[in-house]
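Listed here are the chains, written in short residue letters.
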Amino acid sequence: MRPLKLIMNAFGPYKDTVTIDFTEFNQSSLFLISGPTGAGKTTIFDAIAYALFDSASGDTRGKDSFKSDHATDLDLCYVELEFELGKNTYKVRREPEQTGPGTRTKTKQVKSSVEFHQGKSVTTKIAEANQKIQELIGLTYDQFRQIVMLPQGAFKKMLESNSRQKEEIFRNIFETDIYERFQEELKKKAKDLSDQRKGYELALQETFKRIDSEENDALEKAIEQFDVKTVLNELEQLLNNENEKLKTAKAKVMQLQEEKIRQTKLLEMLEKKEKLSEEKARLDEKEKTVAQYKTQLDQHKKAEALAQAQSNVKETHEEKETNQIRVLELTEKIKQIKIDLANVEERYQTASKDYAKLDEVRKEIQRLKDELKHYETIKEKKVRLSALEKEEKEMQTQTESLTEHQKELKGNLEKVKEKLTQITKIREELTDDYKALGIKKEEQSQLNQRFGALKEICQWREQGVKLKKDFQQAKRRLKEIRENWQSAQSAYFSQLSVVLAGELEEGEPCPVCGSVDHPEKAHAQPEDVTKEQVAELKKEKEAAESLFNRLVTQSEHLADQVNKRSEALGLAPTDAEAEKEAIKEQTEALAQTITALQTENEKKEKDVKQEAMYTEQLSDLEKQEREMAEALSKNKATIENTRTRMEEIIREITELEEKLTFESKEQVSDLIKTKEKRIREVEKLEKNIREEQNVLKNTLAAFETEWNLTGKRIKELNEKEEKLTGIFQEQLKASELGEKYQELLLEEERVKKMQEAIQVYGEARAVHNSASKEVTDFLEKAQDIQTKEEHENHLSEIAAGIPEWEQTRDAYLKIASQNQAAKETIKKYQEQSEHIEADYQLYGELSRMANGAKETDYVSFERYVLGIYFEEILEAANIRLALMTNNRYEMHKKNEKAKGAGPQGLDIDVFDHHTGKSRGVSTLSGGETFKASLALALGLSDVIQSQNGGVSVDTLFVDEGFGTLDSDSLDNAIQTLLDLHERGRLVGIISHVEELKTRIQSHIIVEKNASGSQAYVQA
């Protein structure tokens, strides 16, 4: 990831829009962000981190504090970042939650938003955009802070992170999550198999508990010993015995139940036969009453029909009389309406004559209204004339004011042009000054480098003097210890010869020299030397030799460094101190010259920076002058047009006044109102008479229609009455009931009760006949029919025996079912557990080894793979660390197992060539920690680029940390970062160290004032 352009608006200390174009650095890949404390240097890194990850670069800043305190609610806070990855360019814009400018209202609450542009596609959902950017870059926010953007106080987090933390960082970078998933799959598989294995054992134990052994000793013993095979064999035999007993019990229960059913049915039929005989006697008694009911209901039905026929005749006669009365009423009403209608028509003729004359009145009113409009037009033109006179005076005053302002603008223009001419001259001078300053700075840089190298030679020579003293002392010490050891060894061997001499006999060969003559035998010394004392002196000798050899190696290495560096500088080592002092004096003098040039340049730069302001002022003034001229011209034309229009209006008013025929506008209005009132009165009268006429005509038509229909209805009713009377007489004669037929009518409740009694009797007789046939047929077919008492006794005996046999059957059934289910469950678990045990042994061992076991020193498969990458990272990091520490320190992967059983294999130790020992990175000083952290970050970047593990790291941002370095270490660190230029990487540094400002040519200058900060690129 390489940033191309960053835009910040109302962000942090920046009130206005700030644009930083990283492409302006041209071929320079190392730039310095400088400015006073609190100006907003780190905010630039915050903006980049916020654009990419929706978070700041450090731990102390939150998204809710991004908007500038210098901005108002009408300013919108946002960040835009354009960056390059591979051959593709991407753009992201973010707005934090804030109070910002509104559309319908002045302000509104703006929610956080994002726009991520990938080619032609745009993502606007925050979570989705965050995920896509993280996948694209290949780093999480925390990993980005430890690899790409090193904020204040976070230099050593990557360096001192433990194996688990490094594993999480490297996993995403080198895409080793496939190994992690492989480990987790093995672990999950092993756990599942283990759970199944335990589950089967528990299930078998539970199943054994459900077996009913019926005091089978062999089965109970097999269960106790968890002998599954024997349990199955014994259970099979037990099930066979239980099934035979169950079969016998089932047959006996079925036989008893069938006999019980037969006896119950016989008893039921015998009882039913007795009840049917009693019911037949009751039905025979009801038969006569039912016959009487049927006769009475038949007579009631005929009488009811006659009553209905006589009622129809009466209703028809009454309706005929009502209609005859209505005809008489309608005749009188029709006569009166005709008289009223004749009167109304006479009045309508008179009103129609007046109505016909209204058109002439309306024309007269229109003529009067036209003259009234002339009065209104004259009034409007007089008002317009007055307004134009006022407008002419105002335009004349405005023209005089514009003329004065035009003179003032011309004077200001001349002043601004003169100032711009001066700035152009200063800029030309500043170009030469920049060149001179650059030459001086280059000269200073070369002097600083030579001074640093000379200083290093002098330090090495001082170390050489000290080493020489240590060497002489070690040499003397070694000689002394060697002599002591040799003396002790000789004394010890002498003691051995005394022992051997004591055992020698004349004529016997010596075990040492072989001689049979022993003229001078060895004798014991006053002080004896033990074997342990000789061994201890030997250890002292070896330690002294080791120290001596290490000092020889260090001396040779130091002398070689001094000679090589002196040869590179073209001088003898003995001349280094004198030249160092001379260069120091030159450097101080040159620094004063550079400071003076910088002060002068800053003054000129301040003047040049005002060029844009004066240019803008010039443009504004020229624009104002043009607008002023246009306004003057426009005013003069407007005044001329106004005067012409005034003359036209005066002429038009005169012409309209000559056309008037009445003395005043009020006289015309009154006449119009009188004529309009007459029109309304005539129209209203005509309308009322016409409506009255229509009502009378409609009423007359309605009455006449009703009179005709009523007469027709009377005729129809006469015919109907005669017909219904004939029908009634015929029905009376046919019924043979006589004129007193109404006496045979029954009450409705009485009729209902008789009908229900007849229906109940019929249904009861039908049910009785059917039941009698069923009983007779059953008893004719039955065998062994006895008395009712005998069948009841037999049924009681059967009912008493069935429960006993059912209990026996259910007991055998429960035991057999329970044991059969247990047998099937045991067989199923036995078959499944065989292959599960084999799989568990395989996957359990694989999971244990892959996830880090004692045999692998608790290094997992993934950490083993990452360890290979880690060693490459350390190898690349050590190249730069050696340069920055003068070959003193070297980082190694920690091989010694740490305390506890946590993740191992990715921890770091540092080997110190000065002491010849390894130690933890936490023991390094602040400056040493910074150098190691920087080397590790650069090493990681190198390996990522070479391995192409899915992550491209083309950028490094460092926020502070250089203040912990001494002059030599600073030179080495800067040289290391400058080397990145050859690889095309972009390195940005925030620092207050003054020396960096002269060593790094490309700057982002951050300036602050009371109204907010500004930033610009100085390439």
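Nothing here was measured: the structure is a model prediction, and the numbers come from that model. (Residues numbered from 1 in each chain as written. Predicted model: local features only at pLDDT ≥ 70, side-chain atom pairs only at ≥ 80, totals over all residues. Heavy atoms only, no water.)

What follows covers the sheet that holds strand β13 (residues 917–920). Read from one edge to the other, the open sheet built from 3 strands follows the order β11-β12-β13, with strand pairing classed as antiparallel. Two strands in the sheet have a free side with no partner beyond their single neighbour: β11 (889–893) and β13. Within this sheet the neighbouring strands show an average axis-to-axis angle of 35 degrees, counted without direction. In this sheet, β13 lies alongside strand β12 (residues 908–912) in antiparallel orientation, the contact comprising 4 bridges. Looking at β13, one finds that Asp912 is bridged to Lys917. Contacting β11 and β12, helix α16 (residues 861–884) runs over the sheet at an angle of about 175 degrees to β11. (Pairing = 2+ DSSP bridges. Helix = DSSP H or I, 4+ residues; strand = E, 2+ residues; numbered from the N terminus. Axes fitted to C-alpha atoms, helices over the stretch in contact; angles between N-to-C directions. Contact = heavy atoms within 4.5 Å.)

Below, the discussion takes up the environment of Thr825. In this structure, Thr825 sits in helix α15 (residues 788–850). Separated by 618 residues in the primary sequence, Thr825 and Thr207 place their C-alpha atoms 7.3 Å from one another.

A few words now on the sheet that holds strand β9 (residues 121–123). Strand order in the open sheet formed by 6 strands is β2-β1-β4-β5-β8-β9, with antiparallel pairing between adjacent strands. Either end of the sheet is taken by a strand with one partner, and the two such strands are β2 (18–21) and β9. With direction set aside, neighbouring strand axes in the sheet form an average angle of 15 degrees. Pairing analysis gives 6 bridges linking strand β5 (residues 88–95) to strand β8 (residues 113–118), with the strands arranged antiparallel.

In the structure shown here, the tally under the stated rule is 10 aromatic pairs. For the ring pair Phe11 and Phe66, a centre distance of 5.0 Å and an interplane angle of 35 degrees mean the geometry is tilted. Residue Phe11 is located in the loop between β1 (2–9) and β2, and its partner Phe66 is located in the loop between α1 (41–53) and β4 (78–85); the two are separated by 55 residues in the primary sequence. Between the aromatic rings of Tyr90 and Phe116, the centroid separation amounts to 6.2 Å while the plane-to-plane angle is 20 degrees, which identifies the pairing as stacked. Of this pair, Tyr90 sits in strand β5 while Phe116 sits in strand β8, and the two are 26 residues apart along the sequence. (Phe/Tyr/Trp six-rings, centres within 6.5 Å; stacked < 30°, edge-to-face > 60°.)

We now examine the pattern of salt bridges. For the structure on display, the rule yields 34 salt bridges. A salt bridge links Lys893 to Glu871, with the shortest nitrogen-to-oxygen separation between them at 3.3 Å. Placement of Lys893 in strand β11 and of Glu871 in helix α16 is noted, with a sequence separation of 22 residues between them. Linking Arg888 and Asp912 is a salt bridge whose minimum nitrogen-to-oxygen distance equals 3.0 Å. Residue Arg888 is found in the loop between α16 and β11, and its partner Asp912 is found in strand β12; the two are separated by 24 residues along the sequence. For Arg888, a relative accessible area of 25% corresponds to the partly exposed category. (Salt bridge = Lys/Arg side-chain N within 4 Å of Asp/Glu carboxyl O. Buried < 20%, exposed > 50% of the residue type's maximum accessible area, 1.4 Å probe, protein only.)

With that settled, consider the packing of helix α8 (residues 228–356) against helix α13 (residues 665–735). The contact between α8 and α13 brings their axes to 6 Å, and the two run at 165 degrees. What the angle tells us is that α8 and α13 run roughly antiparallel. Taken as a pair, α8 and α13 cross one another with a handedness that is left-handed. In terms of residue class, the contact of α8 with α13 is built from 24 nonpolar, 15 polar and 20 charged. (Parallel < 35°, antiparallel > 145°, perpendicular 65-115°, else oblique. Left-handed = near helix turned anticlockwise from the far one by under 90°. Nonpolar A, V, L, I, M, F, W, Y, C, P; charged D, E, K, R; others polar.)

You can see Glu686 is positioned in helix α13. Excluding residues that lie within four positions of it along the chain, Glu686 makes contacts with Tyr348, Ala351 and Tyr355.

Bringing the nonpolar core into the picture now. For soluble globular proteins, nonpolar side chains are generally found buried alongside one another. If you look at the biggest cluster of nonpolar residues, it comprises 90 residues, and the most contacted ones within it are Leu6, Met8, Leu52, Met891 and Ile1004. By residue number, the principal contributor to this core is α16, which donates 10 residues. Apart from the residues lying within four places of it in its own chain, the contact partners of Ile1004 are Ile20, Phe22, Phe25, Phe31, Leu32, Ile33, Ser34, Ile44, Ala1015, Tyr1016 and Val1017. The next biggest cluster of nonpolar side chains, apart from the first, holds 22 residues, and it includes Ala453, Leu478, Phe548 and Ile583. (Core = buried A, V, L, I, M, F, W, Y, C linked by side-chain atoms within 4.5 Å.)

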